[in-house]
Amino acid sequence: MTAATQEEGHPDSQANLVEVVGRPHIRSLLFNAMADLFTPLRLGSLELPNRIWMAPLTRCRAEEGHLPGPLMAEYYAQRASAGLIVAEATMVLEGHSSFWHEPGIYSQAQIEGWRLTTEAVHRAGGRIVLQLWHGGRACHPLLNGGAQPVAPSPIAITGDEVHTPEGKKPYVVPRELRDDELPAIVNGFRQAARAATAAGFDGVELHGANGYLLDTFLRDGSNHRSGPYGGSLENRARLLLEVLEAVGQETPLMGLRLSPLNGYNAMADSDPIGLITWLAQRLNDLPLAYLHLMRADLLGQQHGDVLTPARQHFKGVLVANMAYTAEEANSAITAGALDAVAFGTSFLANPDLPERFRQAAPLNAPDPASFYSPGPAGYTDYPSLESQP
């Protein structure tokens, strides 16, 4: 997901409460009623100092070869005060680029490049997971040596264009994946999770949102196939569940991001509430530490409440994202509706966002012109409170 579209009591007194968050829902509600944005949160083996997460933000700052470099390490380390950093969408397999300068995690050089980031974040006292991603039909031949993108069905993204070395271009019709090709994709996610662990990440988040490969299998507007991976909701969810099962064996902590309502990348589903209700129950059978939901449709085309059924049925930590203010986020956590909130562009422009929230200090305004431009401008040069006069 891109940066532009991501929005997106005293702690010590709550120390005896953090262990129960993410257990059965009734207990989570009971204890969350006493929580706020600054209450610690137990997430797997991690104790998060606050519930202000940094959402995954594509920034297109990777070096040649989709290599994470020192500039990215500086950027993430600046934001280490987040309860948890979810690093940007990262290619699990070579040859499936949709952002041109996004990072990968399929080579040893990329593992070593990402280690610069994880070590910098950990030195700064932070916690960070890597978002594992396959671009699916959002990829383009001009970004991938001429290779046609792949998807559950041969349906192109419409109404938008992709940035390429030859300028903006329409998306192309993807090739329909054969059933016998899907185990290699599952294994690609597995290997990427293993590589993320080797790179020093505290865990991974699977990108099952926003019209990329896993999401296109999940929703019936983009999955028109028959057979074991199409038709019924259970079949459409099969690839996602297989990936979750494989990745769960390779990482100490696993999360999942979903966007049942979001129309970005020409996505739709005939029953998004039914989809999240079914999934929220089924996900309890897997070693999933948290579920990260986009609460609305960026395009305003689909409407509904996906958070309530997720809260009702999912027994792990529930995180929401998309245009929350500090006040609204705090109220949702205090009411027990959520366990944490992920902030996108506000974290992009405010490296010390938790402290700004704590002090009710003014926020820096993000600069959309530099969201995807190369270099430090609009990336690592946003001022912190300490650096401002």
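Fair warning: this is a prediction, and the values are worked out from it, not measured in the lab.

Caption draft 1: Looking closely at the pattern of salt bridges. Applying the stated criterion across every chain yields a total of 15 salt bridges. In this structure, arginine 42 engages glutamate 47 in a salt bridge whose closest nitrogen and oxygen atoms are separated by 3.2 Å. Assessed through its relative accessible area of 41%, glutamate 47 is described here as partly exposed. Here the residues in one salt-bridge network are Arg175, Arg178, Asp180 and Glu181, joined through shared partners.

Caption draft 2: Layout of the nonpolar core. Formed by 85 residues in total, the largest nonpolar core has its most connected members in Tyr76, Leu132, Leu244 and Leu291. When sequence neighbours within four positions are dropped, the list of residues in contact with leucine 244 reads Leu206, Met254, Leu256, Leu283, Leu286 and Leu288. Ala55, Leu84, Val317 and Ala342 belong to the second-largest nonpolar core, a separate cluster that totals 15 residues.

Caption draft 3: Spotlight on the pairing of strand E4 (residues 85–91). Of all 7 residues that make up E4, 7 are buried, and the element is covered over most of its length. Pairing between E4 and strand E5 (residues 128–133): 6 bridges, direction parallel. Each residue of the ladder has a partner; that of alanine 87, found in E5, is leucine 130. Read as a crossover between parallel neighbours, the route from E4 over helix H3 (residues 108–123) to E5 is right-handed.

Caption draft 4: Quick look at the environment of serine 98. You can see serine 98 is positioned in the loop between E4 and H3. On a C-alpha basis, the gap between serine 98 and glycine 146 in space is 13 Å, while along the polypeptide they are 48 residues apart.

Caption draft 5: How the structure looks around H3. For H3, with 16 residues, the first-to-last C-alpha span of 22 Å sits near the 22 Å given by 1.5 Å per residue. Listed in full, the buried residues belonging to H3 are Gln110, Ile111, Gly113, Trp114, Thr117, Thr118, Ala120 and Val121. At its buried positions, H3 is contacted by helix H2 (70–78), E4, E5 and helix H4 (182–198). Looking one or two residues past H3, glycine 125 carries a phi angle of roughly 90°, positive in sign.

Caption draft 6: Quick peek at the packing of aromatic side chains. Using the criterion set out here, one finds 10 aromatic pairs in the structure. Seen from their ring centres, tryptophan 114 and phenylalanine 201 are 5.3 Å apart, and the 70° between their planes marks the pair as edge-to-face. Placement of the pair is tryptophan 114 in helix H3 and phenylalanine 201 in the loop between H4 and strand E10 (204–208), with a sequence separation of 87 residues. Across this residue pair, the class does not change: tryptophan 114 and phenylalanine 201 are buried. Put simply, the rings of Tyr75, Tyr76, Trp114, Phe201 and Tyr379 touch in pairs and so form one group of aromatic residues. The positively charged end of arginine 238 is found above the aromatic ring belonging to tyrosine 229, 6.0 Å away from the centroid. The ring of tyrosine 324 has arginine 295 sitting right over it, with the charged end atom 3.6 Å from the ring centre.

Cut-offs and rules
Residues numbered from 1 in each chain as written. Predicted model: local features only at pLDDT ≥ 70, side-chain atom pairs only at ≥ 80, totals over all residues. Heavy atoms only, no water. Salt bridge = Lys/Arg side-chain N within 4 Å of Asp/Glu carboxyl O. Buried < 20%, exposed > 50% of the residue type's maximum accessible area, 1.4 Å probe, protein only. Core = buried A, V, L, I, M, F, W, Y, C linked by side-chain atoms within 4.5 Å. Contact = heavy atoms within 4.5 Å. Helix = DSSP H or I, 4+ residues; strand = E, 2+ residues; numbered from the N terminus. Pairing = 2+ DSSP bridges. Right-handed = clockwise from strand over helix to strand, strands pointing away. Expected span 1.5 Å × (residues − 1). Phe/Tyr/Trp six-rings, centres within 6.5 Å; stacked < 30°, edge-to-face > 60°. Lys NZ or Arg CZ within 6 Å of the ring centre and 35° of its normal.

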